[in-house]
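Here is what each chain is made of, one letter per residue.
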Amino acid sequence: AAHKPLAGRRALVTSGPTHEPIDPVRYIANRSSGKQGHAIAGALARLGAAVTLVSGPTRLPDPPGCAVVPIETAREMLAACEAALPADVAVCAAAVADWRVAGASDRKLKKDGGGPPALALAENPDILATLSKAGERRPALVVGFAAETGDVVATATAKRARKGCDWIVANDVSLGTTTFGGADNTVHLIRESGVESWPTMGKDAVAARLAEAVAAHFQTV
Ligand code: PMT
């Protein structure tokens, strides 16, 4: 028989970068490819979950069996996530821009001889923190990612507490790693019960192992 331990469960996954407009033709973004988040959405769907994947712009095909909601900005991602509730589990793998351009121009900025424009930034909503504090609408299991440089486990442990999620998957994104955009990932799964450091694996294998951990969690609660 097919192994479908998440049948009847609803999952919400975020993936990819956000694009924050400067003007109609320019934006601020980051190097996320969506590979890790899309792989997680696909892995949860293979275990039987009904998956909504809220994704920023990527070059990837939609993972089989997932309802994909394309967005561009952090604020659109938050609205799409809230519309996808209720969910049993949320996994936030997106690299959401922390800041957007305040008062983005609706006309193309021009070189008018007055020197470069000054871009003022405004803080974006934090989707992971919002889902973690969603009261009655809070998914039973909220999983964040932490993209860190330096002391990866310590900073990710602090981030888990600050954002209020249940689990956090920490990965090293220092210069020289290809965590952003590459095929492999080296992660630490941080839970209340402790830290599991996984060997370097393909992002599909990280996703499959994380989906199995989610399934095991729901089997024991
Ligand atoms: O897309 P790939 O090329 O496959 O790369 C994968 C990845 C490196 C993007 C992924 O593994 C990863 O680490 N994703 C999280 C990236 C990130 O922005 O981390 P952070 O430490 O800045 O954010 C912490 C958590 O808060 C994340 O779950 C993030 O989705 C969430 N967040 C952050 C800011 C914000 N405004 N809203 C959020 O929900």
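Not measured: the values here are computed from a predicted model.

Points about the overall build of the chain
Across its full length, the chain carries five helices and 14 strands. Rg of the C-alpha trace for the chain: 18 Å, near the compact-globule value of 17 Å for 221 residues, within the 12% margin. Within the chain, contacts between residues separated by at least 24 positions form 62% of all contacts whose residues are at least 6 apart in sequence.

Quick look at the pairing of strand 13 (residues 194-197)
Here four bridges tie strand 12 (residues 187-191) to strand 13, and the two strands are oriented antiparallel to one another. Note on strand 13: the bridge partner recorded for His188 is Ser197. Counting the residues that bridge the hairpin from strand 12 to strand 13 gives two residues.

With respect to the UniProt feature "binding site: CTP" (unreviewed entry) in the chain
Mapped onto this numbering, the UniProt entry gives "binding site: CTP" (unreviewed entry) at Asp98, Lys108, Pro125, Asp126, Ile127, Leu128, Phe145, Lys159 and Lys163. These residues run over 66 residues, and the two farthest C-alpha atoms among them are 37.4 Å apart, placing them at more than one spot. Structurally, Asp98 can be placed in the loop between strand 6 (89-92) and strand 7 (99-101). Asp98 sits in the partly exposed class, given 13 other C-beta atoms within 10 Å. For Asp98, the contacting residues outside a window of four places in its chain are Glu123 and Asn124. Topologically, Asp126 is positioned in the loop between strand 8 (121-123) and helix 3 (127-132).

Some words on the environment of Gly8
Position of Gly8 relative to the elements: it lies in the segment before strand 1 (10-15). Expressed as a C-alpha distance, the spacing of Gly8 and Val214, which sit 206 residues apart in the sequence, is 14 Å.

Things to note about the pairing of strand 2 (residues 20-23)
Both strand 2 and strand 3 (residues 26-28) contribute to a ladder of three bridges, which runs antiparallel. Within strand 3, the residue paired with Pro21 across the bridge is Tyr27. Here strand 2 folds back onto strand 3 in antiparallel fashion, the turn holding two residues.

Here's the deal with the site of the ligand
Not every one of the 29 residues close to the ligand is listed here, only the nearest: Ser33, Lys35, Gln36, Val96 and Ile127. For the shell around the ligand, the elements supplying multiple residues, two or more each, are helix 1 (35-46), helix 3 and strand 9 (141-148). Per element, the largest residue contribution to the shell around the ligand is four residues, and it comes from strand 9. Taken together, the residues of the shell around the ligand sort by class into 13 nonpolar, eleven polar and five charged.

Concerning helix 4 (residues 152-163)
Over its twelve residues, helix 4 runs 16 Å from end to end, which matches the ideal 16 Å to within 8%, given 1.5 Å per residue. Among the residues of helix 4, those classed as buried are Val152, Ala156, Lys159, Arg160 and Lys163. Relative to the axis of helix 4, the buried residues are bounded by an arc of 105° and lie together on one face. Of the exposed residues in helix 4, those oriented more than 90 degrees away from the buried face are Ala154, Ala161 and Arg162. The inward-facing, buried residues of helix 4 contact helix 3, strand 9, strand 10 (167-172) and strand 12.

Structural notes on helix 5 (residues 203-220)
An ideal rise of 1.5 Å per residue puts 26 Å on 18 residues; helix 5 measures up with 26 Å between its terminal C-alpha atoms. All buried positions along helix 5 are accounted for by Lys203, Val206, Ala207, Leu210, Ala211, Val214 and Ala215.

With respect to the sheet that holds strand 1
The eight strands are arranged 5-4-1-6-9-10-12-13 in an open sheet whose pairing can be described as mixed. The open sheet terminates on both sides in strands that have one partner only, identified here as strand 5 (66-70) and strand 13. When strand polarity is set aside, the average angle formed by the axes of neighbouring strands in this sheet is 15°. Bridge count for strand 10 against strand 12 is four bridges, and the pairing is antiparallel. Among the inter-strand pairings, Asn171 is bridged to a residue of strand 12, identified as Val187. Relative to the sheet, helix 1 contacts strand 1, strand 4 (50-55), strand 5 and strand 6, its axis offset from that of strand 1 by approximately 165°.

Section: unusual backbone geometry
Here the residue pair Leu85 and Pro86 is connected by a cis peptide bond, since its omega of 5° sits within 30 degrees of zero. Inspection of the secondary structure puts Pro86 in the loop between helix 2 (74-84) and strand 6.

Reading the values: rules and limits
- Residues numbered from 1 in each chain as written.
- Predicted model: local features only at pLDDT ≥ 70, side-chain atom pairs only at ≥ 80, totals over all residues.
- Helix = DSSP H or I, 4+ residues; strand = E, 2+ residues; numbered from the N terminus.
- Rg over C-alpha atoms; globule rule 2.2 N^0.38 Å.
- Contact = placed C-beta atoms within 7 Å.
- Pairing = 2+ DSSP bridges.
- UniProt positions renumbered as here; feature names shortened; annotations may be inferred.
- Buried ≥ 20, exposed ≤ 12 C-beta atoms within 10 Å, placed from the backbone.
- Near = placed C-beta within 6 Å.
- Nonpolar A, V, L, I, M, F, W, Y, C, P; charged D, E, K, R; others polar.
- Expected span 1.5 Å × (residues − 1).
- Arc of directions from axis to C-beta.
- Axes fitted to C-alpha atoms, helices over the stretch in contact; angles between N-to-C directions.

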